[in-house]
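Residues per chain, in single letters:
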Amino acid sequence: MTIEVRRLDPGDDSALLAYVRIRCDVTPDDADSLEEIRWEDATYPGEVVRFLAQLDGETVGAGSTGRVHVHGPDHPRYWLGLWVRPASRRRGLGATLFRAASDAARAAGKTGFQTWVSEAQQEAVAFLGNRGFVVVARDKIVGLDLRGMAAPAPALPAGIVLRALADRPDLVAGVHAAAIESFPDIPTAEEPVEVGSLEAFVARDVERTSIPKDAFFVAVDEASGEVAGYASLKLAAGSTTMAYHDMTAVRPAFRGRGVATALKRATIAWAVGHGLEELRTGNDEDNAPMRAVNAALGYRPRPDYLELRGPLAPG
């Protein structure tokens, strides 16, 4: 039995497509695409490494490590992703990919990994647990079945109007300011999401091929013209029928008035109008307000996602 792992050249589309196929087959709910890879490499050049693994000459595994998008470049941990086809597991492929990813992370000055794994993937949870990873957070995942649904009306609070970012690109700075006020209140595993500079925020949360600007809704206070909040969708990689709620954020001064619900309704209406069949979202189990909004809109539970953190493989 021979295992070979090679690091992929960002310009090798053939190898990258093989990587995408394995990842999509192993975790279809956490798929990837060549378009997303190109966005990631352009946004974080040199900060993402991908691998393919062969067993006796057959490509059966893939891995990646790199910048955690919601944290700055000085964050001590890299992201970790490992995917091995079921028929080829328990033969050392995952361990070999883990060592390769660890070498890359160590070379970048990182001291550990973090990753998200569906609780339905017990093999993956056990694999990481055996290597010192621990669960630090749980996201409650919910989905909304759009098939046969009529597009809901936004039901706007008094004094609030909604504008699509596609029509009002001048609102981007206000969206960034709303994120600065809102993100610190998002429950996380003791590490708040970093908004970053306007340029970094736009690159990550606005100018992304999978985030349609006509599905990026901004709540504006009519009296002051200030951005009260926003909501955006991210199209699922490799799918024409599903999208994720990328972010729904409301500034503290405008909370408790139904702004978040109106924004969510607007994104749902867009999804229905564009023929999508499902929307999914996830919130930390401690984020009771947003989970209540989702439940009231008809979202139903899917398997939770676990955030795990752990060490690199020994050097």
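Residues numbered from 1 in each chain as written. Predicted model: local features only at pLDDT ≥ 70, side-chain atom pairs only at ≥ 80, totals over all residues. Heavy atoms only, no water.

Some remarks on the side chain of serine 88
The following threshold applies: For helices the rule is a DSSP run of H or I covering at least 4 residues; for strands it is a run of E covering at least 2, with both sets numbered from the N terminus onward. The buried label goes to any residue with under 20% of its type's maximum accessible area, the exposed label to any with over 50%, and the partly exposed label to all in between, with areas taken from a 1.4 Å probe on protein chains only. Only heavy atoms enter the contact rule, under which two residues are in contact if any of them lie within 4.5 Å.
As for its placement among the helices and strands, serine 88 is situated in the loop between strand 4 (77–84) and helix 3 (93–107). Classification of serine 88 by relative accessible area gives buried; the value is 8%. Not counting residues up to four positions away in its chain, the partners in contact with serine 88 are Leu55, Val60 and Leu93.

Describing the packing of aromatic side chains
Here is the rule: Each Phe, Tyr or Trp ring (for Trp, its six-membered ring) is paired with any other whose centre lies within 6.5 Å, and the angle between the two planes then decides the class: stacked below 30 degrees, edge-to-face above 60, tilted in between. Here, a charge over a ring is recorded when the distance from Lys NZ or Arg CZ to the ring centre is within 6 Å and its angle to the ring normal is within 35 degrees.
Summed over all chains, the structure comprises seven aromatic pairs. Summarising the aromatic geometry, the rings of tyrosine 19 and tryptophan 83 are spaced 5.9 Å apart at their centres and angled 90 degrees between planes, so their arrangement reads as edge-to-face. With a gap of 64 residues between them, tyrosine 19 in helix 1 (residues 13–26) and tryptophan 83 in strand 4 connect regions that are remote in the sequence. Both residues of the pair, tyrosine 19 and tryptophan 83, belong to the buried class. Site record: aromatic cluster; members linked through ring pairs are Phe98, Phe113, Phe127 and Phe133. The ring of tryptophan 39 carries arginine 208 above its face, with NZ or CZ at 3.8 Å from the centroid. Over the ring of tyrosine 299 we find lysine 264; its NZ or CZ atom is 5.5 Å from the centre of that ring.

Observations concerning helix 7 (residues 259–273)
Stated precisely, the cut-off is as follows: Multiply 1.5 Å by the residue count of a helix minus one, and that product is the helix's expected span.
For helix 7, which comprises 15 residues, the first-to-last C-alpha distance of 21 Å matches the rise-based estimate of 21 Å (1.5 Å per residue) to within 8%. For helix 7, every residue scored as buried is listed here: Val259, Ala260, Ala262, Leu263, Lys264, Ala266, Thr267, Ile268, Trp270 and Ala271. At the exit of helix 7 stands glycine 275, carrying a positive phi of roughly 75 degrees.

Here's the deal with the packing of helix 5 (residues 172–182) against helix 6 (residues 198–205)
Definition in use: Lines fitted to C-alpha atoms define the axes here, with helix axes fitted over just the stretch in contact, and angles between the N-to-C directions of these axes take values from 0 to 180 degrees. Should an angle fall under 35 degrees it is taken as roughly parallel, and over 145 as roughly antiparallel, whereas 65 to 115 is taken as roughly perpendicular and any remaining angle as oblique. Under the grouping applied here, Gly and all other residues not named as nonpolar or charged are polar, the nonpolar ones being Ala, Val, Leu, Ile, Met, Phe, Trp, Tyr, Cys and Pro and the charged ones Asp, Glu, Lys and Arg.
Contact geometry of helix 5 with helix 6 gives a least axis separation of 10 Å together with a crossing angle of 95 degrees. In this view, helix 5 runs roughly perpendicular relative to helix 6, as classed from their interaxial angle. Between helix 5 and helix 6, the residues in contact are Val172, Ala173, Val175, His176 and Ala179 and Leu198, Phe201 and Val202, respectively. Class assignment for the residues of the contact of helix 5 with helix 6 results in seven nonpolar, one polar and no charged.

Section: the packing of helix 1 against helix 2 (residues 34–43)
This is how the line gets drawn: Rotating anticlockwise by less than a right angle from the far helix to the near helix defines a left-handed crossing, while the corresponding clockwise rotation defines a right-handed one.
With their axes 10 Å apart at the nearest point, helix 1 and helix 2 run at an angle of 115 degrees to one another. Classified by the interaxial angle, the pair formed by helix 1 and helix 2 is roughly perpendicular. The two elements helix 1 and helix 2 cross, and the hand of that crossing is right-handed. Across the interface between the two elements, Asp13, Leu16, Leu17, Tyr19 and Val20 of helix 1 pack against Leu34, Ile37 and Arg38 of helix 2. Taken together, the residues that form the contact of helix 1 with helix 2 break down as six nonpolar, no polar and two charged.

A short note on the environment of leucine 55
As for its placement among the helices and strands, leucine 55 is situated in strand 2 (residues 48–55). Look at leucine 55 and you get buried, because its relative accessible area is 7%. Taking the C-alpha atoms as reference points, leucine 55 and isoleucine 3, separated by 52 residues in sequence, lie 4.8 Å from one another. Excluding its chain neighbours within four sequence positions, the residues that come into contact with leucine 55 are Met1, Thr2, Ile3, Val60, Ser88, Arg91 and Leu93.

Some thoughts on the pattern of salt bridges
In a structure, side chains of opposite charge can pair up when their charged atoms sit close to one another. Stated formally: Salt bridges are defined by distance alone: a side-chain nitrogen of Lys or Arg within 4 Å of a carboxyl oxygen of Asp or Glu.
By the definition in use, this model includes 29 salt bridges. When the shortest N-O distance is used, the salt bridge between arginine 23 and aspartate 30 registers 3.3 Å. A relative accessible area of 24% means that aspartate 30 is categorised as partly exposed. Here arginine 168 ties to aspartate 170 by a salt bridge, and the two come within 2.7 Å at their closest N and O atoms. On the accessibility criterion, arginine 168 (30% relative accessible area) is partly exposed. Relative accessible area serves as the criterion here: at 52%, aspartate 170 is assigned to the exposed category.

Read these as geometric descriptors, not functional statements.
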